[in-house]
Number of protein chains: 2
Amino acid sequence: MQSLLLNTIGSLRVETTSEPVPKTGEVLLQVSHCAVCRTDAKIWKYGHRDLVLPRIPGHEICGRVSGSGKRYVVWPGTACGKCAQCVSGAENLCRDMRIIGFHEDGGFAEFTAVPEKSLIAVPEDLPGYLACMTEPMACAVNGLEQVGAGEGDRVLIFGAGPVGLMLALAVRSMGGIPFIREVNPRRIEQVKRFLDRAEIRVAAEASELEFDRAVNAAPDAATVTQGFSRLKPGGVFCLFSGLIQDAPAPVSTLNRLHYRQLRLVGAYGCTRLQMVKALGILADHQDILALLIQDRISLDRVPAVLPKLLAGESLKYIIEMDSTGPMTRNG
Amino acid sequence: MQSLLLNTIGSLRVETTSEPVPKTGEVLLQVSHCAVCRTDAKIWKYGHRDLVLPRIPGHEICGRVSGSGKRYVVWPGTACGKCAQCVSGAENLCRDMRIIGFHEDGGFAEFTAVPEKSLIAVPEDLPGYLACMTEPMACAVNGLEQVGAGEGDRVLIFGAGPVGLMLALAVRSMGGIPFIREVNPRRIEQVKRFLDRAEIRVAAEASELEFDRAVNAAPDAATVTQGFSRLKPGGVFCLFSGLIQDAPAPVSTLNRLHYRQLRLVGAYGCTRLQMVKALGILADHQDILALLIQDRISLDRVPAVLPKLLAGESLKYIIEMDSTGPMTRNG
C-alpha cells in the first residue's frame, strides 16, 4: 500500500509498505480521510516524547472497516483499561497509553490496523472530510469539560488557529459565549467568515470585560498571565496547549490565583465519550466547519504543506485517499 | 477600654481607646479570646494591601455579646450580599469585602463591634481558647474544598506551621490521608506529639509516593514545582498560601500540568458556612488542637511575640482577655 513514512526526523516521504496485519482485538481500516494536525508537523520537524521511529503518522482518521464498508472515526489511543485513570473514565491519562500515529502506525496510509474498541461510528449525513476532524474537536470538548464551561459563561480563547476556532464553536454549541483573542490581524481576516457564522466575538486587548473561563490554543506563556488578569474571581483557565517558550510565570500571576481563588487546569487528549460528543457538534455545524478547511489534498502533497502548518499560516489540510479521482462532496 | 492599636507600621502598643459604638446591624462583642495570626505579624511589620490605619488588628475572635452572655466566634468579613460572588455562596470573594482587623477594628481589644450576621454560636463544650481558632480552621476547610479532597485521598501539605497542621487535621477528619512536608527538622521535633496524635505522616523528600492532592501552607514558590512533581495524573494543587519570593515557575512545571491534566486552584479566606464546619472539627479534636497552642497571653505581651511568629519559630499564641487573673481551662 501507499503510505507516508517518517524514517528519521525531517524525512517524510511516500513509500510502498506492506498492509498492516491486525492483531487480536484489532481491525483493518481502509482510510478515507486523515486530517493533518499541527503536531504532525512538529513531530516531523522536531520529534516528540511519545514518537517511536520509523512511523506512519496520522491520528485524525476516518475510514471504512474492510469488508463491512461501515464508516468510523478512530479514538487514537490504546489504554490499559485497568489503571485508576482508566477506571475513573479518564482513559486519556492512562499511564500505559499507546497513541496511534506516535507509538503505532497511523492514518497517513491507505490502510491502518486499529483496536476495534477504538472505533466510533460516523452519522450517515456527515462526510468523511469533516468527520476526520472529530479528534481535535473532542480535544476541545475535553478542554471545555476540564475548565467547566457552562451555559451563559463568557469564555475567552487565545489563538484563532483551527483548534482555537473549534474550541469557540464548541463553546457556542454548549450555550456559552465565545470570545477569541488573536495577536495576528491577518489571521482574523482569514477566518472572518467562520467568526461571523459561528457568532464568535474578537476580544480587544484593552477591554475591561471579564471572563468566567479562559483557554489557550496558543503555546505562548503570556496567554496564562493575560488570561489570569481577565478572569473574574473564581474563574478558571485551561492550559489546553503546551507551552514552548521558557518564559517564567511571575509570582504576581500565581498570587492573583491565590487571592481571587482562580483555577488553572490542564487538558491533554480526549476520551472515547468526548469523541462521541464531538461527532454531534460536527454533525450540527457542517457548513461552518467546512470553512476551517484550507484544502483537501493527496498523500504526496503532505510534506509540502507541513512547513505552512508550522508557520501557523494555514487552516486545516485534509488528506483524501481517493483525491486522485474527481473531488466528491459526499465523503 | 484597653486595646492594641497599630498607629503606624511597626508601632503597636496598648492604649486606652473609647468603646466602639455598634452601627445598624452590628452588636457589641466582649472579646474573651483572640488568636494571633502570622498575618497580624506581617501587617505590623510590613503593612498589607487591605490595611487602613490607625487600626486595632485581630480577626480570630471569640467573645460574648454584651448583655446576653452567649458565646460567639466571628466571621471576619462584611460582604455586600449582592454581587455574583456573594450570591453564588463565595462571599469570601466579594469585591466590596471589608475585613475585620484590616478595614475595621478587630479583636485585639476588650470590645469590638461586629455585624450580627457574622456571629456564629460556639458549642457549649468548646473552650474559648480553642474556639478562637475557628477562622484559620475554616480557611483550611476552604482550601480542602477548593482542592476537592475526599475520603481516601492522599493529601500532601507543605509546611508544618499551625495552619499546615490544621489542614492536615482537617484532611484526617474528612477521611483523607494527610502527609506533611517540612524543610525544618526542628519544627518536626516541635510538633511531633501533634503529628502522632493526629496520625499525620511526614513525607520524605526522596519518596516515590504520589498524591491525589497537595496544598501549600508555606510561601515558597518551590512548593508549587515540588507539588506538581508529586501529583498523580489528574491531581490538584491548592495555592493556599500566597507566595513571597519572586522565583519563576518554570514552563516545564506548567507543561506537566498540561500533559497530566493537573489542576492548580487558589484559596483565600473562608465563608460563614466553612466556619460552622470548622467549629465541628475543633469540637471533635480538642485535645489535639490544644497541642497547637504555644502560650495563652495577655494583650500587652503581643508586641513581644510578633517577631517570633514572623521568624516561624512558634506555634499559636492566644490572647486571653481575663488572663490577668488565674488561668482557667473553661474558656
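Residues numbered from 1 in each chain as written. Chains lettered and ligands numbered in written order. Predicted model: local features only at pLDDT ≥ 70, side-chain atom pairs only at ≥ 80, totals over all residues. Heavy atoms only, no water.

The interface of chain B with chain A comprises 37 residues on the first partner and 37 residues on the second. Summed over both partners, the interface of chain B with chain A buries about 3,400 Å², with 55% contributed by carbon and sulfur atoms. Three residues stand out in chain B for area buried against chain A, namely His-258, Tyr-259 and Gln-261 of chain B, and they jointly supply 20% of the buried area on that side. In this assembly, chain B and chain A are joined by 2 salt bridges. For the salt bridge of Glu-210 of chain B with Arg-95 of chain A, the shortest nitrogen-to-oxygen distance reads 2.7 Å. Joining chain B to chain A, the criterion identifies 23 residue pairs in polar contact (both at pLDDT 80 or more). Elements that contribute at least two residues to the side of chain B that touches chain A include exactly helix H4 (134–147), strand E14 (231–239), helix H9 (251–259) and strand E15 (263–266) of chain B. Element by element, the count of residues in the side of chain B that touches chain A is highest for H9 of chain B, at 6 residues. Taken together, the residues that form the side of chain B that touches chain A break down as 18 nonpolar, 12 polar and 7 charged. (Contact = heavy atoms within 4.5 Å. Buried area = accessible area lost by both parts, 1.4 Å probe. Salt bridge = Lys/Arg side-chain N within 4 Å of Asp/Glu carboxyl O. Polar contact = N/O pair within 3.5 Å; in protein donor to acceptor, adjacent residues only side chain to side chain. Helix = DSSP H or I, 4+ residues; strand = E, 2+ residues; numbered from the N terminus. Nonpolar A, V, L, I, M, F, W, Y, C, P; charged D, E, K, R; others polar.)

Take the domain arrangement of chain A next. How big an interface is tends to be reported as the loss of accessible area on association of its parts. All names here are of chain A. Domains assigned within chain A are domain 1 (2–136 + 269–320) and domain 2 (140–266). Put simply, the middle of domain 1 and the middle of domain 2, counted by C-alpha atoms, are 26 Å apart. In this assembly, 21 residues from domain 1 lie in contact with 18 residues from domain 2. Between domain 1 and domain 2, the buried area comes to about 1,800 Å², and carbon and sulfur atoms account for 66% of it. The interface formed by domain 1 and domain 2 holds 1 salt bridge in total. Between Lys-277 and Glu-145 there is a salt bridge; the shortest N-O distance is 2.5 Å. The tally of links between domain 1 and domain 2 comes to 7 residue pairs in polar contact (both at pLDDT 80 or more). Going through the elements one at a time, helix H10 (272–284) and helix H11 (286–290) are the ones with two or more residues in the side of domain 1 that touches domain 2. The greatest single-element share of the side of domain 1 that touches domain 2, amounting to 4 residues, is contributed by H10. (Domains from an automatic or database assignment.)

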